[in-house]
Structures are given as structure tokens and as C-alpha cells.
Amino acid sequence: MQQDESREALLAQLNDVRNELTRSLAARHMAPFLELDITAQQLKTVFLVTTGTVTTVSQAAEHLGVAVPTASASIDKLVEHGLLTRTEGKPDRRIRHLTATRKAIRLHERFLGLRTDTDEFAAHLSDEELQGLVIGFQGIRRVLRQFTEGS
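The rules we used
Residues numbered from 1 in each chain as written. Predicted model: local features only at pLDDT ≥ 70, side-chain atom pairs only at ≥ 80, totals over all residues. Heavy atoms only, no water. Helix = DSSP H or I, 4+ residues; strand = E, 2+ residues; numbered from the N terminus. Rg over C-alpha atoms; globule rule 2.2 N^0.38 Å. Buried < 20%, exposed > 50% of the residue type's maximum accessible area, 1.4 Å probe, protein only. Areas by Shrake-Rupley, 256 points an atom, 1.4 Å probe, with all protein chains shown as cover. Lys, Arg positive; Asp, Glu negative; His and termini not counted. Charge placed at Lys NZ, Arg CZ, Asp CG, Glu CD. Salt bridge = Lys/Arg side-chain N within 4 Å of Asp/Glu carboxyl O. Arc of directions from axis to C-beta. Core = buried A, V, L, I, M, F, W, Y, C linked by side-chain atoms within 4.5 Å. Contact = heavy atoms within 4.5 Å. Patch = residues over 30% accessible without salt bridge, like charges linked within 9 Å, V, L, I, M, F, W, Y side chains within 5 Å.

A.B. asks: Would you mind showing me how to read the overall build of the chain here?
C.D. replies: Helices and strands together make up the secondary structure of the chain, namely 7 helices and 2 strands. For the chain, the C-alpha radius of gyration of 22 Å lies well beyond 15 Å, the compact-globule estimate for 151 residues. Each principal axis of the C-alpha distribution contributes one length, and for the chain these read about 70 × 35 × 25 Å. Put simply, the chain has 151 residues, and 22% of those count as buried. Surface summary for the chain: the accessible area is close to 11,300 Å², and the carbon and sulfur share equals 56%. Taking the average place of the 19 positive charges on the side chains of the chain and the average place of its 20 negative ones, the gap between the two points comes to 10 Å.

Have a look at this one:
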């Protein structure tokens, strides 16, 4: 009985710490997005191009569920903001290929910045804390693999 209470207390502690970390990291990650003067659809477009999911305006329109002229106008704004570039296709010069700029890549990396944060913060942990974190992540990986294999 005491072991169950101890485990429940540890899980409650974990939940409290995770919630605090989530709030802190959310504030840290939201800052660059709040400074952007682009729409949510334009942000999606940046991420689609940055990941290589789309390389043309028509592909972007299809993924976003909008007309090609609407996507084109939206992409024009992203080019003006220095987030995307358009280049003529070869051999068909009518097709314009989209490429993410360094600024867009940094934005995307910032959006997915948990790994960067983990690396940055881990450098400041004591050896004991780092060892505990490694053991914890190994446990999460083990359980995740079990869930994945069971699906």
C-alpha cells in the first residue's frame, strides 16, 4: 500500500514539474511567432516548404485547400517577408519552385526547438541529474516502443 502511495506521489510530482516546464517552454517558443506579421495559413505554408512537403504554389494550394491564386498571393507576402524564394523551373519556366530561406529554416527550427532546449539545459545539469534524465528518457522510449509495437 505504501509503495502505491509513493508511486502516486512521484507521478503527481512529475505532472507538476512537466506542467511548469510546458508553460515556461511555451512562453520561450511563442515569442518569435508573436513577432511575426503573417497569418496562420502563411505559417503553415512556410513549414510545408521548409520540410520539403511542397515545392510549388499549386502543391501549396492543394495542401492548404485553397485556390492557386489565393496561395500565390499568400506566398508573395512570404517572399516579401524574406521567408521564401521563388525560382523558375527547368525546363518549364512557368513553374515556380519555392525554397525556404535561412530565416524560414530558423523559424521552423525554433518551432521544433524542444531538442535544442533539451541540449542547452542538459549542459547545465549535474552529473546525477543528467544520469536520472537519461534513465527517465530511456524508460519513456521503452514504453513508447511497446505502444508502437502493440499497435
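From this point, things continue past the structure.
A.B. asks: I tried to follow the pattern of salt bridges on my own but got confused; where do I start?
C.D. replies: Opposite charge on two side chains lets them pair, provided their charged atoms get close. The final tally for this structure, using the stated rule, is 1 salt bridge. Measuring nitrogen to oxygen at the nearest pair gives 3.0 Å for the salt bridge that ties Arg-86 to Asp-76. With Arg-86 in strand E1 (residues 84-88) and Asp-76 in helix H4 (residues 68-80), this pair connects stretches of sequence that are 10 residues apart. Taking the relative accessible area as the measure of exposure, Arg-86 reaches 24% and is therefore partly exposed. Relative accessible area serves as the criterion here: at 35%, Asp-76 is assigned to the partly exposed category.

A.B. asks: So what exactly am I meant to see when it comes to helix H5 (residues 102-111) here?
C.D. replies: For an α-helix, the turn length of 3.6 residues means that residues three or four places apart are oriented alike. Listing the buried residues of H5 in full gives Ala-104, Leu-107 and His-108. On an axial view of H5, the arc spanned by its buried residues comes to 95 degrees, and they lie on one face.

A.B. asks: Honestly, the nonpolar core in this entry has me stumped. Any pointers?
C.D. replies: Where a protein is soluble and globular, its nonpolar side chains tend to be buried together. In terms of nonpolar packing, the biggest core is built from 20 residues, with Val-46, Leu-83 and Leu-107 touching the most fellow members. For this core, the secondary structure elements donating two or more residues are helix H2 (40-50), helix H3 (57-64), H4, strand E2 (96-100) and H5. Ranked by residues supplied to this core, first place goes to H2 with 5 residues. In this structure, Leu-107 is in contact with Phe-33, Leu-36, Leu-43, Val-46, Phe-47 and Leu-83, ignoring residues within four places of it in sequence.

A.B. asks: What's the story with the environment of Ala-26 in this structure? I'm lost.
C.D. replies: Tracing the backbone through its elements, the reader meets Ala-26 in helix H1 (residues 2-34). The sequence separation of Ala-26 and Phe-111 amounts to 85 residues, and the corresponding C-alpha distance is 10.0 Å.

A.B. asks: Please explain the side chain of Thr-101 as it appears in this structure.
C.D. replies: Relative to the elements of secondary structure, Thr-101 occurs in the loop between E2 and H5. Judged by relative accessible area, Thr-101 falls into the buried class, the value being 16%. Non-local contacts of Thr-101, meaning those with residues more than four positions away in its chain, are made with Gly-82, Leu-83, Leu-84 and Thr-85.

A.B. asks: What's the story with the environment of Pro-91 in this structure? I'm lost.
C.D. replies: In this fold, Pro-91 is placed in the loop between E1 and E2. By relative accessible area, Pro-91 is classed as exposed at 82%. Remark: the alpha-carbon pair of Pro-91 and Phe-121, spanning 30 residues in sequence, is separated by 48 Å.

A.B. asks: Can you walk me through the environment of Val-17 in this structure?
C.D. replies: Along the chain, the position of Val-17 falls in helix H1. It is 16 Å that separates the C-alpha atoms of Val-17 and Leu-130, two residues lying 113 residues apart in sequence.

A.B. asks: Would you take a moment to explain a nonpolar patch on the surface for this structure?
C.D. replies: Side chains of Leu-125, Leu-130, Leu-133, Val-134, Phe-137 and Ile-140 sit close together on the surface and give an oily, nonpolar patch of about 480 Å² of accessible area. Among the secondary structure elements, Leu-125 is positioned in the loop between helix H6 (114-122) and helix H7 (127-150). Relative accessible area serves as the criterion here: at 32%, Leu-125 is assigned to the partly exposed category.

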